[in-house]
Amino acid sequence: MQSRLLRCVECDEIINMTEHDFSVEYYYDEENERFIEHPKDDRKSFITGHRGHDIEELRVNKATYVSDRPYSEPLKTGYFEATNGRETFVIKKYRDTIESPITYELINGHIEIVSVELKIQNEEIRRQIRTEISPPISEDKITRLMWVMQRVVSQLNANILLHDSLESDNPLISYCKLDNRSLEDMIELGKDIFEKEEFKKIRDFIYANSGHDGVMAPLVKRQFAIKNFCQTGKRVQVKQGMLS
Ligand SMILES: [Zn+2]
């Protein structure tokens, strides 16, 4: 869908012009049991409210989008950066209720990734081993395997892993892929835990689940903060992104 993000330079107000501005919405009138046409007038009210003001178009940097909620969550608040070519702004995007239109708000500042954490999918690996391998492997051995995996993964650089990653439903969580070297290291260390047939099964398990969509894929979890400048020029933080 085509859309254009416009900023009133004087009021610092934002409107996202989309095809929807011309569309009609329907509301169900329960009392009279019928639908009522309700033309949207987002664009009209913006144009009327900012008549004679300087309006400029902002270019959106989609790669900067962050939110502490999944993409599929309708009531989330998201942030992204947009620029007029000279200055960069943070645009806050949210809606108060499912029925209300999306609101765009301009924040003078920038989005900062404040932490990047690399994790293995502990529970998923454990569950998958129980499902795939029989006779069952003792929980104690699986726990020791987890330590080994965590140790190997902790040596890796999350920012490099992100170059070849798969986005999840949450913009702050990505699935990465282990390189052969890491897989081999895990298998080598596994020799201290498993023997013979059991070792072979674990080795095959590690290779078979090593893709982006496999349970061996480490997760990169990021946290963000919106940093801006208050009037005294002191740096303040207005929003900290938290992960559940
Ligand atoms: Zn204005």
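Treat the numbers as computed from the prediction; the structure is a model and nothing was measured. (Residues numbered from 1 in each chain as written. Predicted model: local features only at pLDDT ≥ 70, side-chain atom pairs only at ≥ 80, totals over all residues. Heavy atoms only, no water.)

Undergrad: What exactly am I supposed to notice about the coordination of the zinc ion here?
TA: Four donors placed tetrahedrally about a metal ideally form angles of 109.5 degrees, and six donors placed octahedrally ideally form angles of 90 or 180 degrees. Note on the zinc ion: its protein donors are Cys8 (SG), Cys11 (SG), His50 (ND1) and His53 (ND1). The metal-donor distances range over 2.0 to 2.3 Å. For the zinc ion, the four donor atoms in the first shell make angles of 103 to 120° at the metal, a pattern classed as tetrahedral. Positions of the donor residues of the zinc ion, expressed as sequence spacing, correspond to C-x2-C-x38-H-x2-H. Taken as a pair, Cys8 in strand β1 (residues 3–8) and His53 in the loop between α1 (42–49) and β5 (55–67) lie far apart in primary sequence, 45 residues in all. Taking the relative accessible area as the measure of exposure, Cys8 reaches 0% and is therefore buried. Since its relative accessible area comes to 26%, His53 is described here as partly exposed. (Donors = N, O, S within 2.8 Å, 3.2 Å for Na, K, Ca; no water. Tetrahedral: all angles 85-135°; square planar, octahedral: opposite > 155°, others 65-115°. Helix = DSSP H or I, 4+ residues; strand = E, 2+ residues; numbered from the N terminus. Buried < 20%, exposed > 50% of the residue type's maximum accessible area, 1.4 Å probe, protein only.)

Undergrad: What am I meant to see in the nonpolar core here?
TA: Where a protein is soluble and globular, its nonpolar side chains tend to be buried together. Counting 29 residues, the largest nonpolar core has Ile125, Ile129 and Ile206 as its most contacted members. Those residues in contact with Ile129 that lie beyond four places of it in its chain are Ile137, Ile142, Leu145, Ile202 and Phe205. (Core = buried A, V, L, I, M, F, W, Y, C linked by side-chain atoms within 4.5 Å. Contact = heavy atoms within 4.5 Å.)

Undergrad: I tried to follow helix α3 (residues 139–154) on my own but got confused; where do I start?
TA: An α-helix turns once every 3.6 residues. As a result, residues three or four positions apart point the same way. Here α3 contains 16 residues, and its C-alpha end-to-end distance of 22 Å stays within 8% of the 22 Å for a straight helix at 1.5 Å per residue. Among all positions of α3, only Ile142, Leu145, Met146, Val148, Met149, Val152 and Val153 are buried. Axial view of α3: buried residues confined to an arc of 165°, hence all on one face. Away from the buried face of α3 by more than 90 degrees, exposed residues Asp140, Trp147, Arg151 and Ser154 are located. (Expected span 1.5 Å × (residues − 1). Arc of directions from axis to C-beta.)

Undergrad: Help me understand the environment of Lys177, please; the structure alone is not making it clear to me.
TA: Structurally, the position occupied by Lys177 is in the loop between β11 (173–176) and α5 (180–190). Along the primary structure Lys177 and His163 are separated by 14 residues, whereas in three dimensions their C-alpha atoms are 9.9 Å apart. The residues touching Lys177, leaving out its near neighbours within four places in the chain, are Leu161, Asp164, Ser210, Gly211, His212 and Pro218.

Undergrad: Explanation requested: the packing of aromatic side chains in the structure shown.
TA: Inspection of every chain in the model, using the stated rule, returns two aromatic pairs. With a centroid separation of 5.8 Å and 20° between ring planes, the pair formed by Tyr65 and Tyr71 is classed as stacked. With a centroid separation of 5.8 Å and 55° between ring planes, the pair formed by Tyr79 and Phe224 is classed as tilted. Residue Tyr79 is found in strand β6 (residues 78–83), and its partner Phe224 is found in strand β12 (residues 219–229); the two are separated by 145 residues along the sequence. By the burial criterion, Tyr79 is buried, and Phe224 matches it. Here Lys92 stacks its cationic end above the ring of Tyr94, 4.9 Å away from the centre of that ring. (Phe/Tyr/Trp six-rings, centres within 6.5 Å; stacked < 30°, edge-to-face > 60°. Lys NZ or Arg CZ within 6 Å of the ring centre and 35° of its normal.)

Undergrad: Quick question: what am I supposed to make of the pairing of β11 here?
TA: As paired elements, strand β10 (residues 165–167) and β11 share three bridges and run antiparallel to each other. Looking at the pairing, Ser165 lines up with Cys176 of β11. What sits between β10 and β11 in their antiparallel hairpin is a turn of five residues. (Pairing = 2+ DSSP bridges.)

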